[in-house]
Amino acid sequence: MVNERQDDTVNVHRENPFIEACERGWMPDWCTRAGIRRLLDTRLTSAQARDPEIRSEAQREFIHRASTGPVVEHTRQTNEQNDVLPPVFFDHVLGARHKCSSALFEAGVDNLDEAEHAMLALTAQRAGLANDQAILDFGCGWGSLALWAAERYPRSSVHAVPNTETQAAFIRKRADKRGLDNLTVEICDFNQFDPGTGVFDRIVSIEQLEHIRNYHALFGRIRRWLTARGRLFVHVVAHKFLMSRGMDTGTNDWLARHLFAGGVIPSEHLFAHFQTDLALLDHWWLSGTHYRDTANAWLDRLDANRKTIHSLLTDAASATRRRRIQSWRLRLMAMAELFGHDEGNEWGIGHYLFEPHPGPTQPRKRQQ
């Protein structure tokens, strides 16, 4: 995920000379990537990874925490960080549709724009998008799916909920340019968002649940927003059995600092534990190699346009602009190595399709 939620300044930790050298751009890319792989190996040899009893207890604690508190935490700080970089930066990094989540590099697809379209088409297929539906795309980023769906299904109404006004303005401008009068855009705090009961036939969430605190509360709300035959489709990044919070716990926790800061990386089967209000109908798993190739394609575009990007970031001194660019290069290298680890067999992409439980549901009991 291209995480616009993170601060775009480089946090140099002098306690670790290797990390400092990487963050300042003094280390060649092959060496930086080797260091990232070593950090990943450390994650995969942790006590939680090796001991099933420790992993089970960690999962119970994780599930309990994900059933309490607000739907989203730190929304003000998150939204402020979203607007750090101007849209023109992403014009030169993302593909033609500004998809800030994984593309799908199927056999024979070696072009980022084609891979973006392939993942959007697969999402629409698995979510069951069609004409004559009311569709909600919440946490929609730069609106890649919302705009794609509004074009493909002109008799449907599409409601896009991005995180910031910058993203909303971008989506509205593209919708106006394409003459899409079936697309509406709304900015709101997810803790207060409430479109009403039985409003949507399809709700789509792409790489947004990684930033949710309380899945139980969110799924309860979504059940009410869906029509009786409605569906929720979820696309998240995940590990095949580990779940972790993206917290920077020390000077060596470089991956948490550069990826998924403040969010979570769920395990593949985490959402099976949240079926009080929504029933899991289907589940798919995509190799991490798709995200590896996406991140590498973003990095190639960034490097090819580095001089242009540097000249466009006019709000800071030249040295600060170079640090911003290097910070993003590190994030993209980290993403490529994370999802490419063991040829994509550790971290990958989970797709989930839910339907509302019929009739009233009972409050979820706390696990003892």
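Worth saying up front: this structure is predicted, and the values here are computed from it rather than measured. (Residues numbered from 1 in each chain as written. Predicted model: local features only at pLDDT ≥ 70, side-chain atom pairs only at ≥ 80, totals over all residues. Heavy atoms only, no water.)

## What about the overall build of the protein?
Moving on, step 1. Of the regular secondary structure elements, the protein holds 14 helices and nine strands.
Moving on, step 2. Looking at the protein as a whole, 55% of its 368 residues qualify as buried.
Moving on, step 3. Pairs at least 24 apart in sequence give 79% of the contacts found in the protein among residues at least 6 apart.
Moving on, step 4. Within the structure as shown, the protein displays about 15,900 Å² of accessible surface, and the carbon and sulfur contribution to it stands at 49%. (Helix = DSSP H or I, 4+ residues; strand = E, 2+ residues; numbered from the N terminus. Buried < 20%, exposed > 50% of the residue type's maximum accessible area, 1.4 Å probe, protein only. Contact = heavy atoms within 4.5 Å. Areas by Shrake-Rupley, 256 points an atom, 1.4 Å probe, with all protein chains shown as cover.)

## Regarding the environment of Glu186
Moving on, step 1. On the secondary structure map, Glu186 appears in the loop between strand E3 (183-185) and strand E4 (200-206).
Moving on, step 2. Residue classification places Glu186 among the partly exposed positions, given a relative accessible area of 28%.
Moving on, step 3. Distance from Glu186 to Glu165, taken between C-alpha atoms, is 8.9 Å for residues 21 residues apart in sequence.
Moving on, step 4. If we ignore the near neighbours within four places in the chain, the residues touching Glu186 are His159, Ala160, Val161, Pro162 and Phe193.
Moving on, step 5. Only 2.7 Å separates the side chain of Glu186 from the side chain of His159, close enough to count as a polar contact. (Polar contact = N/O pair within 3.5 Å; in protein donor to acceptor, adjacent residues only side chain to side chain.)

## Describing the packing of helix H7 (residues 112-127) against helix H8 (residues 144-152)
Moving on, step 1. Across the interface, H7 lies against H8 with an axial gap of 11 Å and an inter-helix angle of 70°. Classified by the interaxial angle, the pair formed by H7 and H8 is roughly perpendicular. Viewed along their axes, H7 and H8 form a crossing whose handedness is right-handed. Here H7 contributes His117, Leu120, Ala121, Thr123 and Ala124 to the contact with H8, which in turn contributes Ser144, Leu145, Trp148 and Arg152.
Moving on, step 2. For the contact of H7 with H8, the per-class residue count stands at five nonpolar, three polar and one charged. (Axes fitted to C-alpha atoms, helices over the stretch in contact; angles between N-to-C directions. Parallel < 35°, antiparallel > 145°, perpendicular 65-115°, else oblique. Left-handed = near helix turned anticlockwise from the far one by under 90°. Nonpolar A, V, L, I, M, F, W, Y, C, P; charged D, E, K, R; others polar.)

## Looking at the packing of aromatic side chains
Moving on, step 1. With the rule as written, the count across this model stands at 15 aromatic pairs.
Moving on, step 2. A ring pair is formed by Phe233 and Trp284, whose centres lie 6.5 Å apart and whose planes are at 50°; its orientation type is tilted. A residue pair is termed long-range when its members are at least 10 positions apart, and Phe233 in strand E5 (residues 226-239) and Trp284 in strand E8 (residues 278-286) qualify at 51 residues. Each member of the pair Phe233 and Trp284 is classed as buried.
Moving on, step 3. Centroid distance Tyr291 to Phe339: 4.6 Å. Interplanar angle 20°. Geometry classified as stacked. With Tyr291 in helix H12 (residues 289-304) and Phe339 in helix H14 (residues 318-340), this residue pair connects regions lying 48 residues apart in the sequence.
Moving on, step 4. Take Tyr291: its relative accessible area is 0%, and that puts it in the buried class.
Moving on, step 5. Taking relative accessible area as the criterion, Phe339 reaches 1% and is therefore assigned buried.
Moving on, step 6. Directly above the ring of Trp328 sits Arg331, whose terminal nitrogen or CZ lies 4.7 Å from the centroid. (Phe/Tyr/Trp six-rings, centres within 6.5 Å; stacked < 30°, edge-to-face > 60°. Lys NZ or Arg CZ within 6 Å of the ring centre and 35° of its normal.)

## A closer look at the nonpolar core
Moving on, step 1. One finds Phe89, Leu129, Leu183, Trp298 and Leu302 to be the most contacted residues of the largest nonpolar core, which totals 72 residues.
Moving on, step 2. Broken down by element, this core gets its largest block of residues, 10 residues, from H14.
Moving on, step 3. Counting residues in hydrophobic clusters, the runner-up holds 33 residues, among them Phe138, Phe200, Leu209 and Leu278. (Core = buried A, V, L, I, M, F, W, Y, C linked by side-chain atoms within 4.5 Å.)

## So, the packing of H12 against H14
Moving on, step 1. Running from N to C, H12 and H14 point in directions that differ by 160°, and their axes come no closer than 7 Å. Of the possible angle classes, the one that applies to H12 and H14 is roughly antiparallel. Crossing of H12 against H14: the hand is left-handed. Across the interface between the two elements, Thr289, Tyr291, Arg292, Ala295, Asn296, Trp298, Leu299, Leu302 and Asp303 of H12 pack against Ile325, Trp328, Arg329, Leu332, Met333, Met335, Ala336, Phe339 and Gly340 of H14.
Moving on, step 2. Class assignment for the residues of the contact of H12 with H14 results in 12 nonpolar, three polar and three charged.

## Quick look at the sheet that holds strand E2 (residues 157-161)
Whenever strands of a sheet pair, they do so through backbone hydrogen bonds, lying parallel or antiparallel.
Moving on, step 1. In spatial order, the strands read E3-E2-E1-E4-E5-E9-E8; together these seven strands make up an open sheet with mixed pairing. A strand with exactly one partner marks an edge of an open sheet, and here the two such strands are E3 and E8. Adjacent strand axes in the sheet meet at a mean angle of 15°, parallel and antiparallel pairs treated alike.
Moving on, step 2. Packed onto the sheet, H7 meets E4, E5, E8 and strand E9 (347-356) and runs at close to 30° relative to E9. (Pairing = 2+ DSSP bridges.)

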